[in-house]
Amino acid sequence: MFGYVVINQGEMKFKDYDMYHSYYCGLCRSLKEAGGRRSQLTLSYDMTFLVMVLTALYELEPKEKLCRCIAHPAKKHLERRNAVSDYCADMNIILTYYKCIDDWEDEKKKTGYLYGRLLKKEIKRLEPLYPNKMKIVKEKLSELRIAEKKKNLNADQMAGIFGEIMGELFLWKEDEWKKPLYNLGFYLGKFIYLMDAYEDVEKDEKDGSYNPFFLYKDKQDGMEIPAWHPVYGTAEFDDKVMHMLKMMMAECAGAFEMMPIIWYEDILRNIIYSGVWSKYGAIRKERTAEDCKEECSRCSK
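Here goes a summary of the coordinates provided. This one's a predicted model, so the numbers in the text were calculated from it and none came from an experiment. (Residues numbered from 1 in each chain as written. Predicted model: local features only at pLDDT ≥ 70, side-chain atom pairs only at ≥ 80, totals over all residues. Heavy atoms only, no water.)

1. Here's the deal with the side chain of Lys 140
- Tracing the sequence through the fold places Lys 140 in helix H7 (residues 131-149).
- By relative accessible area, Lys 140 is classed as buried at 17%.
- What Lys 140 contacts, discounting residues up to four positions off in sequence, is Ile 161, Glu 164 and Ile 165. (Helix = DSSP H or I, 4+ residues; strand = E, 2+ residues; numbered from the N terminus. Buried < 20%, exposed > 50% of the residue type's maximum accessible area, 1.4 Å probe, protein only. Contact = heavy atoms within 4.5 Å.)

2. Focus on the packing of H7 against helix H8 (residues 155-169)
- Contact geometry of H7 with H8 gives a least axis separation of 9 Å together with a crossing angle of 170 degrees. With respect to H8, the element H7 is oriented roughly antiparallel. Where H7 abuts H8, its residues Asn 132, Lys 133, Ile 136, Val 137, Lys 140, Leu 141, Glu 143, Leu 144, Ala 147 and Glu 148 lie against Met 158, Ile 161, Phe 162, Glu 164, Ile 165, Glu 168 and Leu 169.
- Classifying every residue of the contact of H7 with H8 by side-chain character gives 10 nonpolar, one polar and six charged. (Axes fitted to C-alpha atoms, helices over the stretch in contact; angles between N-to-C directions. Parallel < 35°, antiparallel > 145°, perpendicular 65-115°, else oblique. Nonpolar A, V, L, I, M, F, W, Y, C, P; charged D, E, K, R; others polar.)

3. Observations concerning the packing of helix H10 (residues 237-257) against helix H11 (residues 265-275)
- At a minimum axis distance of 9 Å, the contact between H10 and H11 shows a crossing angle of 160 degrees. Classified by the angle their axes make, H10 and H11 are roughly antiparallel. The element H10 and its partner H11 pack so that their crossing is left-handed. Along its contact with H10, which presents Met 249, Ala 253, Phe 256 and Glu 257, the element H11 presents Leu 268, Arg 269, Ile 272 and Tyr 273.
- When grouped by side-chain class, the residues that make up the contact of H10 with H11 number six nonpolar, no polar and two charged. (Left-handed = near helix turned anticlockwise from the far one by under 90°.)

4. Quick look at the environment of Ala 255
- Note on placement: Ala 255 falls in helix H10.
- For the pair formed by Ala 255 and Pro 180, sequence separation is 75 residues and the distance between their alpha carbons is 4.8 Å.
- Apart from residues lying up to four places away in sequence, Ala 255 is in contact with Pro 180, Asn 183 and Leu 184.

5. Description of the nonpolar core
- Formed by 87 residues in total, the largest nonpolar core has its most connected members in Phe 49, Ile 94, Leu 184 and Phe 191.
- If one sorts the elements of this core by residue count, helix H9 (residues 178-207) sits on top with 13 residues.
- Setting aside residues up to four positions removed in sequence, Leu 184 forms contacts with Phe 49, Val 53, Phe 170, Cys 252, Ala 255, Phe 256 and Met 259. (Core = buried A, V, L, I, M, F, W, Y, C linked by side-chain atoms within 4.5 Å.)

6. Some details on H10
- Between its terminal C-alpha atoms H10 stretches 30 Å, which fits the 30 Å expected from 21 residues at 1.5 Å a residue.
- Here H10 has its buried residues at Phe 237, Asp 238, Val 241, Met 244, Leu 245, Met 248, Met 249, Cys 252, Ala 253, Ala 255 and Phe 256. (Expected span 1.5 Å × (residues − 1).)

7. So, the pairing of strand E2 (residues 77-81)
- Taken across its five residues, E2 has four buried, putting it largely inside the fold.
- Bridge analysis of strand E1 (residues 63-67) against E2 gives five bridges, and the strand direction is antiparallel. Residue pairing in the sheet places Glu 64 in a bridge with Arg 80 of E2. (Pairing = 2+ DSSP bridges.)

8. What to know about unusual backbone geometry
- The phi dihedral of Glu 59 falls on the positive side, at around 50 degrees, and the residue is not glycine.
- Structurally, Glu 59 can be placed in the loop between helix H3 (45-58) and E1.
- If you check the backbone angles, Tyr 264 has positive phi at about 55 degrees while not being a glycine.
- Its place among the elements puts Tyr 264 in the loop between H10 and H11.

9. Focus on the packing of aromatic side chains
- Counted under the stated rule, the structure contains 18 aromatic pairs.
- Chaining the aromatic ring pairs together yields one cluster made of Phe 191, Tyr 198, Tyr 210, Phe 213, Phe 214, Tyr 216, Tyr 232, Phe 237, Trp 277 and Tyr 280.
- When the ring centre of Tyr 58 is taken as origin, the NZ or CZ atom of Lys 173, which lies over that ring, is 4.8 Å away. (Phe/Tyr/Trp six-rings, centres within 6.5 Å; stacked < 30°, edge-to-face > 60°. Lys NZ or Arg CZ within 6 Å of the ring centre and 35° of its normal.)

Note that every value here comes from positions in space, so none of it alone points to a role or purpose.
Spelled out as structure tokens, the structure:
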């Protein structure tokens, strides 16, 4: 469900890309120190964004270090780390662990079960450090799982549950920035959930898996589907999804602009205003190409 909060590299200066990549490497290093290579597998661009947001907001000077790693063994590269890097590494592990457990309980995914067991040692270490955050993540993923089993037809409501998880993870401190940080995480979480559903809609239809954009016939009795709600298979589906995603990112941008962020503002704005749409553009382009192929195939017959 991750990998959507990325940069638009084509619109980024070389120096900004190097800065971004150094924080990505720093997060990777924090994950390794937190739980070894098994924890490094949880590395995501989404949490790199959070590292840079919190670093910029609280103006935390990073420690810089030249190093080699398994991904870049031939040449040393620069990594930047601070207390936020370690916090985000912990949040990454917590979210991944409970998602693995949720996948096992919901779909009996063996990969989820096995990877969850590998992270169990790190979770025991983190339990006394973040009891409230772990409780919220666990409860909200369970709520999401139950709602999916009931085939909830409200995509906005479903996305909101995941948004509550991300909103909590964005809160590093209880201070005056609590509201904009929570809102940034909340609406970004909603965006991630909706993007994931949009990308997987064909696969979910084939597999018979839940998707909030499906119109389940057994759930329609007595339930009115709002006119704004995207329904897969209708002519307006892509445009309505786009409208929902734009609303989520407009709220994210509003929350971001409320904070006095000067450090890395070009990088963070690149992600919020441009980078997050990279995956959407690729998905829609591929879907349009497939539709054209089907149309051409029917015409040739």
